[in-house]
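# Structure at a glance
Here's the letter readout for the chains.
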Amino acid sequence: MLPYKSLIQVDRESSVSLYIQVCNTFIALITNGTLKPSDILPSSRVLAELIGINRNTVKLAYEELISQGWAESIDRKGVFVLSKLPIISKIKLSENSNKQLQEGFIWENKFQKEIITSGKNIQKNQITIDDGFPDVRLAPIDQLMREYRSLSRKFYGKNFLKYGSSFGSENLRIAICNYLSNTRGLSISPENMIITKGSQMGIYLASQLLLNSNDIIAVGVSSFTTADETFQYSGAKLERIPIDENGMDTAYLEEILKHKKIKAVYVIPHHHCPTGVTMSMERRLKLLNLAKEYRFAIIEDDYDFDFHYENKPYLPLASIDHNQNVIYIGSISKTFAPALRIGFMVGPTAFIEVSIIFEKND
């Protein structure tokens, strides 16, 4: 029997479940050729004693291996590596094995520093400095999985696996419209909305539809870096507008508008990134009036409207825009978990319809 006691090391401080750690180790042993097809795995009792975990945890790991197609259970005999798997020769790669890699395929490694950095397990750090991601431990995973299972068992559940509307699920759009109406005062219909893969996809679509090469878009002096890069990718030029304790300086913007043609303004009025300031109502109304007078679009990024503490946030610009100048972008990913990529973009019906055409042709 292999020295599983040394081969399988579990980290009780990790956020990854123990049974997943055990499962992943077995997958690694199979893919690197240490375990061959039809090899028998130790009994749950023996393995539990060897690596010091509960027997039920080992059983869960084996069930996960079987469900993923790496192993099979044979009655009265035990659990085996799946016999149908191809035989993999055991290989050994050192950390500086560029020569071995180049024998398999030709490539130029331009990202060595990035690979070294990204390979670190940042989940082990006691203090992590990031953009302020939500605590995924609070995500309602059980309820979400229950709904998935419930739908999959119904006779019409398989229909959800087919191609649907390019606008996104109609039921989801109706639900989000009702939610935005109740919480943010937006009076919209599903025809005014497209479901996106997070708010960043909405920013990309808006930039591609609104901006041409050498167009000018106004952004904050400090701004969401990814959005800035997206606008520059579309060929636009960035006009930096100061940000203070009341948000974007609309008086400064007005002076710029007198001398330059601004095609769009990108603004995060609620919890501006990265300063965290909230735009005052006075400046919100001023920005809307400027948009009407100088005929530019406003891209309102409202990525975390639902996060507030002492006071409720101001209503979005889109809820008080009577001239259809605002493209409103939001996200559900921050409410559930970052990996659940669900966002939305709201705008005039004609704009949303054109975005569908662009998305299909992109």
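None of these values were measured; they are calculated from a predicted model.

### Here's the deal with a nonpolar patch on the surface
The grouping of Leu151, Phe155, Tyr156 and Phe160 at the surface amounts to a nonpolar patch, some 470 Å² of accessible area in total. Mapped onto the elements, Phe160 comes out in the loop between helix H7 (141-153) and helix H8 (170-184). For Phe160, a relative accessible area of 52% translates into the label exposed.

### Re the layout of surface pockets
Within this model, the largest pocket holds a volume of roughly 1,400 Å³. Forming the boundary of the largest pocket are 41 residues, of which Tyr148, Phe160, Ser169, Leu172 and Ile342 lie nearest the centre. Those elements that provide at least two residues to the lining of the largest pocket are H7, H8 and helix H13 (349-361). Top contributing element to the lining of the largest pocket by residue count: H8, with nine residues. Here the lining of the largest pocket is built from residues that sort into 20 nonpolar, twelve polar and nine charged.

### Here's the deal with the packing of aromatic side chains
The full count for this structure, using the stated rule, is four aromatic pairs. For the pair Phe26 and Tyr62, a centre-to-centre distance of 5.8 Å together with 55° between the ring planes defines the contact as tilted. Taken together, the positions of Phe26 in helix H2 (residues 18-31) and Tyr62 in helix H4 (residues 55-67) put the pair 36 residues apart, joining distant regions of the chain. Each member of the pair, Phe26 as well as Tyr62, is classed as buried. Judged by centre distance (6.3 Å) and plane angle (40°), the ring pair of Tyr328 and Phe344 falls under tilted. Residue Tyr328 is located in strand E10 (residues 326-331), and its partner Phe344 is located in strand E11 (residues 343-346); the two are separated by 16 residues in the primary sequence.

The rules behind these values
- Residues numbered from 1 in each chain as written.
- Predicted model: local features only at pLDDT ≥ 70, side-chain atom pairs only at ≥ 80, totals over all residues.
- Heavy atoms only, no water.
- Patch = residues over 30% accessible without salt bridge, like charges linked within 9 Å, V, L, I, M, F, W, Y side chains within 5 Å.
- Areas by Shrake-Rupley, 256 points an atom, 1.4 Å probe, with all protein chains shown as cover.
- Salt bridge = Lys/Arg side-chain N within 4 Å of Asp/Glu carboxyl O.
- Helix = DSSP H or I, 4+ residues; strand = E, 2+ residues; numbered from the N terminus.
- Buried < 20%, exposed > 50% of the residue type's maximum accessible area, 1.4 Å probe, protein only.
- 1 Å grid on protein atoms, 1.4 Å probe; cavity = no way out; pocket = protein on both sides within 12 Å on 5 of 7 lines; lining within 4 Å.
- Points joined across faces, edges and corners; volume = space filled by probe spheres on them.
- Nonpolar A, V, L, I, M, F, W, Y, C, P; charged D, E, K, R; others polar.
- Phe/Tyr/Trp six-rings, centres within 6.5 Å; stacked < 30°, edge-to-face > 60°.

No statement about biological role is implied by the geometric values presented.
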